Amino acid sequence: ELAIPPNAWNAYREAQNRLKKHDIEGGVRQLERAVEIYPAFTAARNNLGTIAYQTGNYALAEQHFRTALEHEAGAYEPTVNLGGVLLNLKRYEEALQYNRFAVKARPEDALAQSQLGMNLYFLRDADQAIRYLNEAKRLDPAHFSRPQLLLAEIYAQRGLREQAIAELEDYLERHPEDPERDRLRALIRKLHQP
């Protein structure tokens, strides 16, 4: 951080101010300016990747996260974020190394635990997926990654209706305003039927 020039820091701070005001374009311009001044500015590159991820531009997000890691190998935020973007790109084998690294680096991070659980599920290792999804839920029961929903899916696939219902009910209790609440309630009713 001491190597980052003051004008790169100023651009980064200005980007954060613009992003707080929901000026995404202005924030991105300032972040791009920061990495133009100092290409190894990991936090700025991670921010650019996060914005690209949130807007659904997964290829650009991947590029930003990988570039951040080229400059700072093992940096946590771009590592966990790259693991997430690779899941969205359905490159599960490749994602696994990043998601395992993230859990090892920060075992108390619900996002890392949840992503590894999802990753293992997509690689057809449901037993291990349950372990990490439950840990994510323990760490942050209201986490935005919604570990209860994947747990409910796994339990329903295994015919464990009561456990699936419990996960869905837990989720709805924590997220009563979820736009999918009606569909989830209908799924609970269906699971209650013999």
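Attention in this report is confined to the structure presented alongside it. (Residues numbered from 1 in each chain as written. Predicted model: local features only at pLDDT ≥ 70, side-chain atom pairs only at ≥ 80, totals over all residues. Heavy atoms only, no water.)

Topic: the overall build of the protein chain
Item 1. Each helix and strand counted, the protein chain has eleven helices and zero strands in total.
Item 2. When the helices and strands of the protein chain are read in sequence order from the N terminus, they spell out α-α-α-α-α-α-α-α-α-α-α.
Item 3. Expressed as a percentage of its 194 residues, the buried residues of the protein chain come to 46%.
Item 4. Once local pairs closer than 6 in sequence are excluded, the contacts in the protein chain between residues at least 24 apart make up 46%.
Item 5. Carbon and sulfur atoms form 49% of the exposed surface of the protein chain, whose accessible area is close to 10800 Å².
Item 6. If the 26 positive side-chain charges of the protein chain are averaged to one point and the 28 negative ones to another, these points end up 1 Å apart. (Helix = DSSP H or I, 4+ residues; strand = E, 2+ residues; numbered from the N terminus. Buried < 20%, exposed > 50% of the residue type's maximum accessible area, 1.4 Å probe, protein only. Contact = heavy atoms within 4.5 Å. Areas by Shrake-Rupley, 256 points an atom, 1.4 Å probe, with all protein chains shown as cover. Lys, Arg positive; Asp, Glu negative; His and termini not counted. Charge placed at Lys NZ, Arg CZ, Asp CG, Glu CD.)

Remarks on the packing of helix α1 (residues 6–20) against helix α2 (residues 24–37)
Item 1. Remark: α1 packs on α2, axes separated minimally by 8 Å, with the N-to-C direction vectors making an angle of 165 degrees. Here α1 is positioned roughly antiparallel relative to α2, judged by the angle of their axes. Relative to α2, the crossing made by α1 is left-handed. Residues Asn7, Ala8, Ala11, Tyr12, Glu14, Ala15, Gln16, Arg18 and Leu19 of α1 form the contact with α2, whose own contacting residues are Ile24, Gly26, Gly27, Arg29, Gln30, Leu31, Arg33, Ala34 and Ile37. (Axes fitted to C-alpha atoms, helices over the stretch in contact; angles between N-to-C directions. Parallel < 35°, antiparallel > 145°, perpendicular 65-115°, else oblique. Left-handed = near helix turned anticlockwise from the far one by under 90°.)

Notes on unusual backbone geometry
Item 1. The residue arginine 124 is not glycine, and still its phi comes out positive at about 65 degrees.
Item 2. When its relative accessible area of 77% is taken as the criterion, arginine 124 is described as exposed.
Item 3. A positive phi angle is found at arginine 146, which is not glycine, with a value near 60 degrees.
Item 4. When you line up the elements, arginine 146 lands in the loop between α8 (126–139) and α9 (147–157).

A word on the environment of isoleucine 4
Item 1. Of note, isoleucine 4 is situated in the segment before α1.
Item 2. Judged by relative accessible area, isoleucine 4 falls into the buried class, the value being 11%.
Item 3. Taking the C-alpha atoms as reference points, isoleucine 4 and tyrosine 38, 34 residues apart in sequence, are found 6.5 Å from one another.
Item 4. Residues contacting isoleucine 4, with those up to four places away along its chain left out, are Trp9, Tyr38 and Phe41.

Observations concerning the side chain of glutamine 148
Item 1. In this fold, glutamine 148 is placed in helix α9.
Item 2. Overall, glutamine 148 belongs to the buried group, its relative accessible area being 0%.
Item 3. The residues touching glutamine 148, leaving out its near neighbours within four places in the chain, are Lys137, Pro141, Glu167, Asp170, Tyr171 and Arg174.

Function cannot be read off these values alone, since they describe shape.
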